[in-house]
Amino acid sequence: MTPVILLAEAKRSAAVTDWPARIGWLVGLVLFIALVYWLMREGWKWRGTLQSDLPAPPSAPEVTGPAKLELSGRYHGSTTAGQWLDRIVAHGLGTRSRAELTLTDQGLEVERPGASDFFIPTAALRGARLDKGIAGKVLTEGGLLVVTWALGEKLIDSGFRSDHAAEHTEWVDTLNQMINDTEGAR
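Described below are features of the structure shown in this document. (Residues numbered from 1 in each chain as written. Predicted model: local features only at pLDDT ≥ 70, side-chain atom pairs only at ≥ 80, totals over all residues. Heavy atoms only, no water.)

Description of the overall build of the chain
Scanning the chain from N- to C-terminus turns up three helices and 10 strands. Its helices and strands taken in sequence order, the chain reads α-α-β-β-β-β-β-β-β-β-β-β-α from the N to the C terminus. In terms of overall dimensions, the chain has C-alpha extents of about 100 × 35 × 30 Å along its principal axes. Buried positions account for 34% of the 186 residues belonging to the chain. Put simply, of all contacts in the chain between residues at least 6 apart along the chain, 61% involve residues at least 24 apart. (Helix = DSSP H or I, 4+ residues; strand = E, 2+ residues; numbered from the N terminus. Buried < 20%, exposed > 50% of the residue type's maximum accessible area, 1.4 Å probe, protein only. Contact = heavy atoms within 4.5 Å.)

Structure representation (structure tokens):
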């Protein structure tokens, strides 16, 4: 049996870390993350290609009239109406951003800093409701203002969340009243 003192006198201690193996694993992990990110980006671009038949949303007219309602909050994206997971990415409609909504007699103007603005004419509005989720964003029941509108031949749901969620009910009531008045005038 070797005395403990002799073991401590060894000229070299054992290697604690195998640095080449660690660096190899780290490089492999970084490459894997880069591959996943690239595949996600390609999927996003492919979805945009598949939706290329969708016309571009109109821009706001020069004069829209006095504002009925205004809302400051977030735009969470657009989906095919009734299919809350089928995100629409064409024409920047899939980009989440801050949003300033202005409702006038002409329609709903959506101003998005850092993303493309769009306008929903009153004739294209189909409905408004409170919901809890839209493509990648799930909130409490009634935490999301969802506006259904027509873009070309396709019905679209766009989700918004106000900085003050108490405003959502007033928006739903006003939008649905405008839609009913417009349909009654047709």
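Still more ground to cover, so stick around.
Notes on the packing of aromatic side chains
Evaluation of the coordinates by the stated rule reveals three aromatic pairs. A centroid spacing of 5.8 Å and a plane angle of 70° characterise the contact between Tyr-75 and Phe-118, whose relative ring orientation is edge-to-face. With Tyr-75 in strand β1 (residues 69-80) and Phe-118 in strand β5 (residues 118-121), the pair connects residues that are 43 residues apart, well separated along the chain. Taken as a pair, Tyr-75 and Phe-118 share a single burial class, namely buried. Ring centres of Phe-118 and Trp-149 lie 5.8 Å apart, and the angle between their planes is 15°; on these two criteria the pair is classed as stacked. Remark: Trp-149 occurs in strand β9 (residues 144-151) and Phe-118 occurs in strand β5; sequence separation between them is 31 residues. Among the aromatic residues, those joined into a cluster by ring pairs are Tyr-75, Phe-118, Trp-149 and Phe-160. (Phe/Tyr/Trp six-rings, centres within 6.5 Å; stacked < 30°, edge-to-face > 60°.)

A word on the pairing of strand β10 (residues 154-162)
Sheet analysis places β1 next to β10, joined by seven bridges and oriented antiparallel. Its bridge partner lying in β10, Tyr-75 is registered against Phe-160. Relative to β10, β9 runs antiparallel, the two sharing seven bridges. Across the sheet, Val-146 pairs through a bridge with Gly-159, a residue of β10. Between β9 and β10, which pair antiparallel one after the other, the connecting turn spans two residues, and Gly-152 there sits at a positive phi close to 70°. (Pairing = 2+ DSSP bridges.)

Let's talk about the side chain of Gln-51
One can find Gln-51 in the loop between α2 (19-50) and β1. From its side chain, Gln-51 meets the backbone nitrogen of Ala-90 in a polar contact 3.2 Å long. Leave out the neighbours within four places in its chain, and Gln-51 touches Arg-87, Ile-88, Val-89 and Ala-90. (Polar contact = N/O pair within 3.5 Å; in protein donor to acceptor, adjacent residues only side chain to side chain.)

Looking at unusual backbone geometry
Although it is not a glycine, His-91 adopts a positive phi angle of roughly 60°. Within the secondary structure layout, His-91 lies in the loop between β2 (87-88) and β3 (97-103). Assessed through its relative accessible area of 36%, His-91 is described here as partly exposed.

Quick notes on the environment of Ala-60
Looking at the secondary structure, you find Ala-60 in the loop between α2 and β1. Assessed through its relative accessible area of 29%, Ala-60 is described here as partly exposed. Here the alpha-carbon distance between Ala-60 and Gly-28, two residues 32 residues apart in the chain, equals 49 Å. For Ala-60, the contacting residues outside a window of four places in its chain are Glu-109 and Phe-119.

Quick word on a negative patch on the surface
Together, Glu-70, Glu-100, Glu-111 and Asp-117 make up a region of like negative charge exposed at the surface. Relative to the assigned elements, Glu-100 resides in strand β3. Glu-100 gets classed as partly exposed once you look at its relative accessible area, which sits at 37%. (Patch = residues over 30% accessible without salt bridge, like charges linked within 9 Å, V, L, I, M, F, W, Y side chains within 5 Å. Areas by Shrake-Rupley, 256 points an atom, 1.4 Å probe, with all protein chains shown as cover. Salt bridge = Lys/Arg side-chain N within 4 Å of Asp/Glu carboxyl O. Lys, Arg positive; Asp, Glu negative; His and termini not counted. Charge placed at Lys NZ, Arg CZ, Asp CG, Glu CD.)

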